[in-house]
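Each chain is listed here by its residues.
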Amino acid sequence: MNAPFRRGACPGLSQPMPTGDGLLVRLTPTGATIRPEAFIALCAAARSCGNGVIEVTSRGSIQVRGLTERSVERLAAMIGRIDLPVSDGPPVVCDCLAGLDGEEVLDAGALAAQLRGAIASVSFTADLEPKVSVAVDGGGAPHLDGVPADVRLRAMASDGRVYFHVSVGGDAEVAQPIGAVASEHAVEAALHMLDVIAAGRARAREIVAGGGAGAFRRAIADIRLDLTPPPLRPPSDPIGTHALRDNGMALGFALAFGHADSTALEALARAAASAGGSGLRTAPGRALLAIGIGKDRAAHVVASAEELGFIVRAEDPRRQIVACAGAPICAAAEIPARALAPGLAGRVAMAGRDAPMVHVSGCAKGCACARSAPVTVVGLDGRCGMVINGSARDRPLATLTPEALPGALSRLAETVRRLRVGDESAAEVLSRLDRAQIVRLFHGEATGA
């Protein structure tokens, strides 16, 4: 349904991606703290070389927009002069407070650094699909259970020793368990997983779907241990206050709809620095963490962030909406997803906090949210296709004009709030409505629900 062209490579400095507002470059942070002066320099580079818009992705990568072929070269030279902890090669993501969280079993940042070095030295890296990634979870409070990855390593302690649970092909809920390895074999195990993926010339989930996980298990048969996999954890939220092991604090803020002007980001970095912060880290969920803020200055930094337009509260209605850049920013988009998002958040908020989470996608690629959502709005020839409990690739139940979208979502959200029983999710409530009822809600007709 509406199958789009999907780019095969990630848009790094050497391979910027053409979009509707120029070229886009993605930078993958290593997980280390970005010092305030380095972050400020990055913001200045985004304004000098691009249109000043900086995005933080769902995995915590940084994107700079509005570049030209010539300005990409200038951006690369400027970044080369900045002490910016970013990496090339397959993304190796670690938890956002690695090395700082008092609850972590092991410093995932240190292991991730070892793994990046090992990946750079093996020959099969060139055979990996461009979007293959690894998640290294140190077992702390801000975790990576909700972040999809081809290879997952999660630290766990047992009988006074540290082990890593290995799984492949998705987030923690759907990934295929492979087994456990001792901590000293973690890098070796990850390399073996990547070797299997490279040999299959596919993503891990595709290899598992096509032939099972046997090849992965055989690859670590000599170091594999049969330990009980760790349980899923409640969702991890970067927004709010996080205690650090040195008695300092980290303050989490989200970028509304995943983007912000570099001027506002620079002001946030300066506010954090003035409060004694050591710098910023990106976090999955399109968020930033101000690291090392003193307790007596935290309220000032939060107030500054809110004034600058960042999301500082978990219940902010803008969090109910996930939106891509949309038209005309993205050349593939059929609707102005990012421009529609603020008005939709307001309508959802009117219906209460139990309103459904909405994914607004400019086209069927679904870049902003690959998984199923209670409500997905997908651009189709300038109109809004409405998908319930599905993704942007699924067939819509109905299509609406962009002008009709706010009212339709408000009615749907109000229905969810009214029909919800106990701790039912929005998706569960919507699954109880039949197709005809939902279509009538979209068009403002009485449903009897």
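Everything quoted here is computed from the prediction, not taken from an experiment.

Caption draft 1: Region of interest: the pairing of strand 2 (residues 22–29). Burial within strand 2 is extensive, with six of its eight residues counted as buried. As defined by bridge partners, strand 1 (residues 17–19) adjoins strand 2 across three bridges and the pair is classed as antiparallel. For Thr-19, the partnering residue across the bridge sits in strand 2 and is Gly-22. The antiparallel pairing of strand 1 with strand 2 creates a hairpin that spans two residues between the two strands. Pairing analysis gives two bridges linking strand 2 to strand 5 (residues 86–87), with the strands arranged antiparallel. Within strand 5, the residue paired with Pro-29 across the bridge is Val-86.

Caption draft 2: Layout of the sheet that holds strand 14 (residues 279–283). As summarised here, the arrangement of the four strands in space is 11-12-15-14, forming an open sheet in which the pairing is antiparallel. Edge strands, defined here as strands with exactly one partner in the open sheet, are strand 11 (240–243) and strand 14. Within the sheet, the average angular offset between the axes of one strand and its neighbour, ignoring direction, is 30°. Contacting strand 12 (249–254) and strand 15 (287–293), helix 8 (residues 298–307) crosses the sheet at an angle of about 10° to strand 12.

Caption draft 3: Fine view of the pattern of salt bridges. Under the definition given, this model contains 21 salt bridges. The partner of Glu-184 in a salt bridge is Arg-161, with the nearest N and O atoms 3.3 Å apart. Within this pair, whereas Glu-184 is found in the loop between strand 10 (176–182) and helix 4 (186–200), its partner Arg-161 is found in strand 9 (residues 161–170), the two being separated by 23 residues in sequence. The network of salt bridges with common partners includes Asp-21, Glu-55, Arg-65 and Arg-338.

Caption draft 4: Local environment of the confidence of the model for the protein chain. Across the protein chain, pLDDT averages 93, with 96% of residues at or above 70. In this model, residues 1–8 is a region of pLDDT below 50 whose contacts with residues beyond four sequence positions or in other chains number 20 contacts.

Caption draft 5: Local environment of the packing of helix 3 (residues 108–121) against helix 4. Taken N-terminus to C-terminus, the directions of helix 3 and helix 4 make an angle of 45°; their axes are 10 Å apart at the nearest point. One finds that helix 3 runs oblique with respect to helix 4. Considering how the two elements wind past one another, helix 3 and helix 4 form a crossing that is right-handed. Along its contact with helix 3, which presents Leu-111, Gln-114, Leu-115, Ala-118 and Ile-119, the element helix 4 presents Ala-186, Val-187, Ala-190, Leu-191 and Leu-194.

Caption draft 6: Up close: the layout of surface pockets. In this structure, the second largest pocket occupies an estimated 200 Å³ of space. Along the walls of the second largest pocket sit 16 residues, with Arg-152, Arg-154, His-165, Ser-167 and Ala-172 positioned nearest its centre. Elements with a minimum of two residues in the lining of the second largest pocket: strand 7 (134–137), strand 8 (149–158) and strand 9. In terms of residue class, the lining of the second largest pocket is made up of nine nonpolar, two polar and five charged.

Caption draft 7: Layout of helix 1 (residues 36–49). Given a rise of 1.5 Å per residue, 14 residues ought to cover 20 Å, and the 20 Å separating the end C-alpha atoms of helix 1 matches this to within 8%. Listing the buried residues of helix 1 in full gives Pro-36, Ala-38, Phe-39, Ile-40, Leu-42, Cys-43, Ala-45, Ala-46 and Cys-49.

Caption draft 8: The sheet that holds strand 10, seen in detail. The five strands are arranged 6-7-8-9-10 in an open sheet whose pairing can be described as mixed. Each having just a single partner strand, strand 6 (92–94) and strand 10 make up the two edges of the open sheet. The average undirected angle you get between the axes of adjacent strands in this sheet is 20°. Sheet contacts for helix 3: strand 6, strand 7 and strand 9; angle to strand 6, the most-contacted strand, approximately 175°. The strands touched by helix 5 (residues 204–211) are strand 8, strand 9 and strand 10; relative to strand 9, the strand with the most contacts, the crossing angle is about 75°.

Caption draft 9: Looking closely at the packing of helix 1 against helix 7 (residues 262–274). Packing of helix 1 against helix 7 brings their axes to within 9 Å, and their N-to-C directions diverge by 170°. Judged by the angle between their axes, helix 1 and helix 7 are roughly antiparallel. The hand of the helix 1/helix 7 crossing is left-handed. Note on element contacts: helix 7 touches helix 1 through Ser-262, Thr-263, Leu-265, Glu-266, Ala-269, Arg-270 and Ala-273, opposite Pro-36, Phe-39, Ile-40, Cys-43, Ala-46 and Arg-47.

Caption draft 10: Quick look at empty space enclosed by the protein. Per the counting criterion, the structure on display carries two cavities of 30 Å³ or more. Of the pockets and cavities examined, the largest cavity occupies roughly 170 Å³. If you trace the largest cavity, you find 19 residues lining it, with Pro-29, Gly-31, Val-93, Cys-94 and Thr-282 closest to the centre. When residues of the lining of the largest cavity are traced back to their parent elements, those giving at least two are strand 2, strand 6 and strand 14. By residue class, the composition of the lining of the largest cavity is nine nonpolar, six polar and four charged. Here the second largest cavity is characterised by a volume of approximately 30 Å³. Taken together, Phe-39, Ile-54, Val-56, Ile-62, Leu-255, Leu-265, Thr-282 and Leu-288 form the lining of the second largest cavity.

Caption draft 11: Structural view of the pairing of strand 10. Taken across its seven residues, strand 10 has five buried, putting it largely inside the fold. Sheet topology places strand 9 next to strand 10; six bridges connect them, and they run antiparallel. Residue pairing across strands places His-165 opposite Ala-180, the latter belonging to strand 10. Hairpin connection between strand 9 and strand 10: a loop of five residues separates the two successive antiparallel strands.

Caption draft 12: View of the environment of His-143. Looking at the secondary structure, you find His-143 in the loop between strand 7 and strand 8. Residues His-143 and Ser-236 lie 93 residues apart in sequence; the distance between their C-alpha atoms is 5.9 Å.

Caption draft 13: The arrangement of the state of the cysteines in detail. A full pass over the atoms with the stated rule returns zero disulfides. Not engaged in a disulfide, the cysteine Cys-96 finds its nearest cysteine sulfur in Cys-94; these two sulfurs lie 8.8 Å apart. Left without a disulfide partner, Cys-363 is nearest to the cysteine sulfur of Cys-367, which lies 5.8 Å away. Accessibility expressed as a relative area gives 9% for Cys-363, which makes it buried.

Thresholds applied
- Residues numbered from 1 in each chain as written.
- Predicted model: local features only at pLDDT ≥ 70, side-chain atom pairs only at ≥ 80, totals over all residues.
- Heavy atoms only, no water.
- Buried < 20%, exposed > 50% of the residue type's maximum accessible area, 1.4 Å probe, protein only.
- Helix = DSSP H or I, 4+ residues; strand = E, 2+ residues; numbered from the N terminus.
- Pairing = 2+ DSSP bridges.
- Axes fitted to C-alpha atoms, helices over the stretch in contact; angles between N-to-C directions.
- Contact = heavy atoms within 4.5 Å.
- Salt bridge = Lys/Arg side-chain N within 4 Å of Asp/Glu carboxyl O.
- pLDDT = per-residue confidence, 0-100.
- Parallel < 35°, antiparallel > 145°, perpendicular 65-115°, else oblique.
- Left-handed = near helix turned anticlockwise from the far one by under 90°.
- 1 Å grid on protein atoms, 1.4 Å probe; cavity = no way out; pocket = protein on both sides within 12 Å on 5 of 7 lines; lining within 4 Å.
- Points joined across faces, edges and corners; volume = space filled by probe spheres on them.
- Nonpolar A, V, L, I, M, F, W, Y, C, P; charged D, E, K, R; others polar.
- Expected span 1.5 Å × (residues − 1).
- Disulfide = S-S within 2.5 Å.

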